[in-house]
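Working through the structure, step by step
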Amino acid sequence: MTRLQLTNKPITSLFSLLLLFLLSFPTTAQDFTKEDVIRGSITPERAWWDLLHYDLEVEVLPSSKTIKGKNTITYKVLKRDKWMQIDLQSPMKIEKVIQDGKKLSIKHKGNAHFIKLPKSEKDSEQKITIFFSGKPKIAVRPPWDGGVTWQKDSNGNDFIATSNQGIGSSVWWPGKDHPADEPDRGVNLAITVPANLTAVGNGRLQKTDDNGATKTWHWKVVNPINSYGINLNIGDYTNFSEVFDGLNGPLDMDYWVLKENLEAAKEQFTQAPMMMRAFEYWFGPYPFYEDSYKLVEVPYLGMEHQSSVTYGNKYQNGYLGSDLSGSGWGLRFDFIIIHESGHEWFANSITNKDVADMWIHEGFTAYSENLYLSYHFSEEASSEYVVGTRANIQNDRPIIGTYGVDNNGSSDMYYKGANILHTIRQLVEDDRKWRNILTGMNTTFRHTNVTTGDIEKYISEQAGIDLAQFWDQYLRTVKIPKLEYKFKGKELSFRYTNIVDGFDMPVKFIINQKEVWIYPSAEWKTEEMTSVIESANVKIDFYVDNELVK
């Protein structure tokens, strides 16, 4: 997900970007309500059934800004129960629910709706159809608050899109709105719109029905998909495409853009296969060959909708023309193409079980930006970029949120997360091994839902490094280790402060322009170098504060 709210006024400095960045996220603790628990936890009414497939049909009515439709849910009974939780946010309404031709009763508790079902046998497959309609929440500052964006293009045509990572997919359609359970068999998405418009969804286009005044566009996803990744994109689109020679064979790459922007898109989107080449190198094969890859122009900045990555960066490099790192390297690539596509591996294929662990999505994807630079430019470019992004880190609260209440951690999950991973790369000190760790993650956890514990364990084991205190330090506190040091003659003395118990991460010192490993702890240590020390400082790639003391 992108993370800076931008106004219609030009952004003239990194400080302006940072200010908007800070305003876009809560920074104080909050009290959680019963509604937060219902939304964010695996309630008993969610736990007993396994989501298998969505068959989602919607009609979008731009003139009234309404959506109506039905969602047929196929599910497996894990244990017998009579109440099913379905999520749909006001002012959208569930009109009726049908199973086996019978209308079912519903209890409404805010945005959660509890449907009374007849008892079904364990391990049986069942279907339920939910009819719904209403005026969904209008997105005020998409994609950060979420909802539906209703705009016009420069020719007066409707230009409409959904974006709902934080607020949830239930802002516009009913389903199981929790990241821990995805439809194993994907989704069929049928979108009916006025006949002069094109509707682009996830996966592959199956057919288009001409209904006269309207058209219905049928899209199909065969892979599991997180609910917030399902999207509607509607406009006066044209399409161009190419085939990428990928690790798993030919990969269809499609681009849907406003007709007026076709030439600009053809030039800017040459970065898409460059992205794919770099990320397949670092992360392994694109996770959704069966569903293809798409970039779709939208009337907001962009988001990581699975196999339907949305784009609104105005066909320019950087983040709307600005470099978030201040290093200059951020202007060498289109931020939205690179970042949002990186989410296909981290968020869409490897998905957190609880949004408290959203750093897995955002930290790895922010890190993908400098891996793109590493692949296409140099390790120096990669280093300068990721280190430059530290200026955006606030350390206001831990980057892991509170579990079970739909609460994510600090916005530092982006560039603190990236710098954490960049530091581990230094500790591994073997890029072939580091690449194998990243590709191995995407093999081991492909199309699954994970916890922070899963990621900690995997990286620690594969790196062969005890990272227990490292993870606690950087993920669960706001403390950045401070390395105090001093030198005299040939002797270098050093210690850590501002650390959790047992933190003893080794770092590289640059002494007289040569790199030397040292092994600090909370206690002062002294080591003798081979020659008189004339200069000494910590290598910048390690995410630690440091101070030369007397």
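Within each chain, residues carry numbers counting from 1 in the order of the written sequence. Selection of residues for local features in this predicted model requires a pLDDT of at least 70, selection of side-chain atom pairs for listing and counting requires 80 or more, and totals for whole chains, interfaces and linings are taken over all residues. For side-chain calculations, the full set of non-hydrogen atoms in the structure is used, while hydrogens and water are omitted.

1. Things to note about the pattern of salt bridges
Any two side chains of opposite charge can pair, so long as their charged atoms come close to each other. Where we set the bar: Salt bridge criterion: a side-chain nitrogen from Lys or Arg within 4 Å of a carboxyl oxygen from Asp or Glu. Buried means the residue's accessible area, taken with a 1.4 Å probe over protein chains only, is under 20% of the maximum for its type, while exposed means over 50%, and partly exposed covers the values in between.
For the structure shown, the criterion picks out 17 salt bridges. A salt bridge links Asp 158 to Lys 152, with the shortest nitrogen-to-oxygen separation between them at 3.0 Å. Owing to a relative accessible area of 52%, Lys 152 belongs among the exposed residues under this scheme. Taken together, the shared-partner salt bridges in this structure form one network comprising Glu 429, Lys 508, Glu 515 and Lys 539.

2. A look at the packing of helix H8 (residues 379-388) against helix H9 (residues 415-428)
For clarity, the cut-off: Lines are fitted to the C-alpha atoms to define the axes, a helix being fitted only along its stretch in contact, and any angle between axes, read from their N-to-C directions, falls within 0 to 180 degrees. Helix numbering and strand numbering both begin at the N terminus, where a helix is a DSSP run of H or I of at least 4 residues and a strand a DSSP run of E of at least 2. Should an angle fall under 35 degrees it is called roughly parallel, over 145 degrees roughly antiparallel, and 65 to 115 degrees roughly perpendicular, with every other angle called oblique. We call a crossing left-handed when the near helix sits turned anticlockwise from the far one by less than a right angle, and right-handed when that turn is clockwise. Here a residue-residue contact requires only that any non-hydrogen atoms of the pair lie within 4.5 Å. Put simply, Ala, Val, Leu, Ile, Met, Phe, Trp, Tyr, Cys and Pro go in the nonpolar bin, Asp, Glu, Lys and Arg in the charged bin, and everything else, Gly too, in the polar bin.
Interhelical geometry of H8 versus H9 gives an angle of 140 degrees and a closest axis separation of 10 Å. Relative to H9, the element H8 lies oblique. Viewed along their axes, H8 and H9 form a crossing whose handedness is left-handed. Contact residues: H8 offers Glu 379, Ser 382, Ser 383, Tyr 385, Val 386 and Val 387, while H9 offers Tyr 415, Ala 418, Asn 419, His 422 and Arg 425. Among the residues making up the contact of H8 with H9, the classes are represented as 5 nonpolar, 4 polar and 2 charged.

3. Considering the packing of aromatic side chains
Note the cut-off: Ring pairs are drawn from Phe, Tyr and Trp, using the six-membered ring of Trp, whenever the two centres fall within 6.5 Å, and their geometry is named by plane angle: stacked under 30 degrees, edge-to-face over 60, tilted for the rest. Should the NZ of a Lys or the CZ of an Arg lie within 6 Å of a ring centre and within 35 degrees of the ring normal, that charge is described as sitting over the ring.
By the definition in use, this model includes 39 aromatic pairs. Residues Trp 219 and Trp 256 carry aromatic rings whose centres are separated by 6.0 Å and whose planes lie at 75 degrees to one another, so their mutual orientation is edge-to-face. On the criterion of sequence distance, the pair formed by Trp 219 in strand E14 (residues 214-221) and Trp 256 in strand E17 (residues 249-258) is long-range, its members being 37 residues apart. Residue Trp 256 is classed as buried on the basis of its relative accessible area of 10%. Summarising the aromatic geometry, the rings of Phe 279 and Phe 283 are spaced 5.4 Å apart at their centres and angled 40 degrees between planes, so their arrangement reads as tilted. Of this pair, Phe 279 and Phe 283 both sit in helix H5 (residues 271-283), separated by 4 residues, roughly a single helical turn. The buried category is assigned to Phe 283, whose relative accessible area is 1%. The residue whose ring lies beneath Lys 176 is Trp 49, and the NZ or CZ to ring-centre distance is 4.1 Å.

4. A word on H5
The condition is simple: One less than the residue count of a helix, multiplied by 1.5 Å, gives the span that helix is expected to have.
If you check H5, its first and last C-alpha atoms are 18 Å apart, about what 13 residues at 1.5 Å a residue would give, namely 18 Å. Of all the 13 residues making up H5, 10 are buried; the element is thus mostly covered by neighbouring parts of the structure. For H5, the set of buried residues is Gln 271, Ala 272, Pro 273, Met 275, Met 276, Ala 278, Phe 279, Glu 280, Trp 282 and Phe 283. Phi for Gly 284, located one or two positions after H5, is positive at around 100 degrees.

5. Concerning a positive patch on the surface
Note the cut-off: Excluding any residue in a salt bridge, patches collect residues exceeding 30% relative accessible area, merging like charges within 9 Å and nonpolar Val, Leu, Ile, Met, Phe, Trp and Tyr side chains within 5 Å. In these tables, accessible area is a Shrake-Rupley quantity obtained with a 1.4 Å probe, and a residue counts as shielded only by the protein chains included in the view. Residues scored as charged are limited to Lys and Arg (positive) and Asp and Glu (negative), so that His and the chain ends carry no count. By convention, the charge on Lys lies at NZ, on Arg at CZ, on Asp at CG and on Glu at CD.
The grouping of Lys 34, Arg 80, Lys 82, Lys 107, Lys 109, Lys 116 and Lys 119 at the surface amounts to a positive patch. Summarising the element assignment, Lys 116 is placed in strand E7 (residues 112-116). Lys 116 sits in the partly exposed class, given a relative accessible area of 38%.

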